[in-house]
Amino acid sequence: MKKVLSSTVIASLLSLSATAQQPLPPTVLYYNATLINPATEQQLADGWLLVKDGRIVQMGHQQADASLPAATKKIDLQDQYVMPGLIDVHLHLTAGPHRVEMQDGKPVLTMKGDSEITRYHAISTLASGVTTAFSPAGEAAANAEYVRQQQAGNWPGPKLSYAGYIFEPTPIIGGSVHPKDEAGWQAEIANQQAQGVDHIKLYAGLSKEEVAMGVRLANQAGLKTVAHLDSVSWQFGAELGIDILTHALPTSAELLTGAARDAYLIERKNLANQRFIYSWFQHVDYDSEPMQRLIRTLKKQQTRIDLTLVVNELFYFARELGALYPETDLWVFHPQMRKGWRAVMAAPSYDWTAEDFAAAQQQLPKVQEFFKRLYDAGVPLAIGTDSVASGPFYLRELQLSQAAGLTNWQVLQLATTGGARHLQLTDTGQLAEGFVADFIVLPANPVTDLAALSTLQTVVQQGKAWQVDDLKAQLTSLTAVEL
Ligand SMILES: [Zn+2]
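Residues numbered from 1 in each chain as written. Predicted model: local features only at pLDDT ≥ 70, side-chain atom pairs only at ≥ 80, totals over all residues. Heavy atoms only, no water.

Looking up the protein chain in an unreviewed UniProt entry gives the name Cytosine/adenosine deaminase, with the organism given as Arsukibacterium tuosuense.

Pasting the structure below:
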């Protein structure tokens, strides 16, 4: 049964006054809701929020005999639940489908995007309750264009900050750069900075020296760094002062010890063998000296991390994606992305046997234990999907975090205040006076059951209210592009 919001427009007394000098900005009062604030773990029944100029200017709860504050417009939320908008700290919003193109007679991967596809994913992401996002890699110009259009109110979607092309030796068209020398790095960093990036993305194929140079040059330019490391260890990255580490794949041999390390190094000699994405977890001992030292360093440096547990699950269950994510979930993808999505997710496991998959799936609890150890140590974590559209992957990331041993409140904190901390936003992620009016309205209580998030019907972003059904209706006009 769908609930429809009723609204009453009340004429402002001031606007009727002939002597009014300046029309006041409109105020919107949202009332008759339970306000859920993960930051304080508090639920306020009969709550109300007064919104002006895209911000929450006042909030409270209705006493039986007290009247509500005056507002230009009043919206009765009919006993629903309101919580801060979700934050996806790993969203490749402007990426296009993975395709192989020929360049100089050689096959090269391309992820070049398209503005229609970007607009589609921005709308489907907003319709999933995500009001703020960070793209840790992508075409800077495409992201800059998105931000211009989103801020101007032309393209509905999450508020976005972004990094540019990844610094990585493996070429990806519309995805990677690998300058030859320091001057080249400096020029590329300046180029990305001119296109509005706030982070430089350092990737898995770089050497230690390159990672160190990248951090140094980015910081000199006043930019931060986000890294997906592999053979260069997280320990090295954290000590360097990398700001963000991404993915539950801290797959460096340097974090292993003894015979496990030797066995792992032999596996890694075959570069086509992608089993390391689970076998590292078979080998690691979280109580070993290198892992204990890593966790201490991450805590000390307050290295921000998005583990994207959902990616490990997608890889480990690559042959069962149809069951995990039925076709009805895939509306969040532009039709051009829908067909190839499962194949992309299955790429690392193309040569795995049934035994390999069973071994990988057995490691998921150990991946989650890594998450819990970081969380318990006080390493700042946040929620990311690594998708082009947050959609069902966001809820799954929350559920995997909960299964790792967090309470629903703790999970909702990661989704809101954790995301804000990750992106260093001081006015986002809470229902509080002075904060950006980003919130979602739910018929069921997400503190009781996280799955309530999938019943979302209304999203308020920067003070503007969107009905999910209206957003979904907009998607149908964005499916024409052929690539
Ligand atoms: Zn990613």
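Here the narrative resumes, following the displayed structure.
A. Fine view of the sheet that holds strand 10 (residues 159-162). With parallel pairing, the three strands of this open sheet are ordered in space as 6-9-10. In this open sheet, the two strands that pair with only one neighbour each are strand 6 (86-88) and strand 10. Geometrically, the sheet is characterised by an average inter-axis angle of 15 degrees between neighbouring strands, direction not taken into account. Here strand 9 (residues 130-135) runs beside strand 10; their pairing, made up of four bridges, is parallel. Counted as the bridge partner of Ser135 is Tyr162 from strand 10. (Pairing = 2+ DSSP bridges. Helix = DSSP H or I, 4+ residues; strand = E, 2+ residues; numbered from the N terminus. Axes fitted to C-alpha atoms, helices over the stretch in contact; angles between N-to-C directions.)

B. Representation of the pairing of strand 8 (residues 106-110) in the model. Looking at chain direction, strand 7 (residues 99-103) and strand 8 are connected through five bridges and run antiparallel. In the strand pairing of strand 8, Gln103 is matched with Lys106. What sits between strand 7 and strand 8 in their antiparallel hairpin is a turn of two residues, with Asp104 showing a positive phi close to 50 degrees. In the sheet, strand 8 pairs with strand 12 (residues 172-173) via two bridges, with the strands oriented parallel. In the strand pairing of strand 12, Thr110 is matched with Ile173.

C. View of the pairing of strand 5 (residues 73-84). Sheet analysis places strand 2 (residues 27-37) next to strand 5, joined by seven bridges and oriented parallel. From the neighbouring strand, Ala33 faces strand 5, where its bridge partner is Gln80. In the sheet, strand 5 pairs with strand 19 (residues 439-442) via four bridges, with the strands oriented antiparallel. Opposite Met83, over in strand 19, you have Ile440 as the bridge partner.

D. Spatial organisation of the coordination of the zinc ion. Protein coordination at the zinc ion comes from His90 (NE2), His92 (NE2) and Asp386 (OD), with a distance range of 2.1 Å. Along the chain, the residues that donate to the zinc ion are spaced as H-x1-H-x293-D. According to the relative accessible area criterion, His92 is buried, its value standing at 14%. (Donors = N, O, S within 2.8 Å, 3.2 Å for Na, K, Ca; no water. Buried < 20%, exposed > 50% of the residue type's maximum accessible area, 1.4 Å probe, protein only.)

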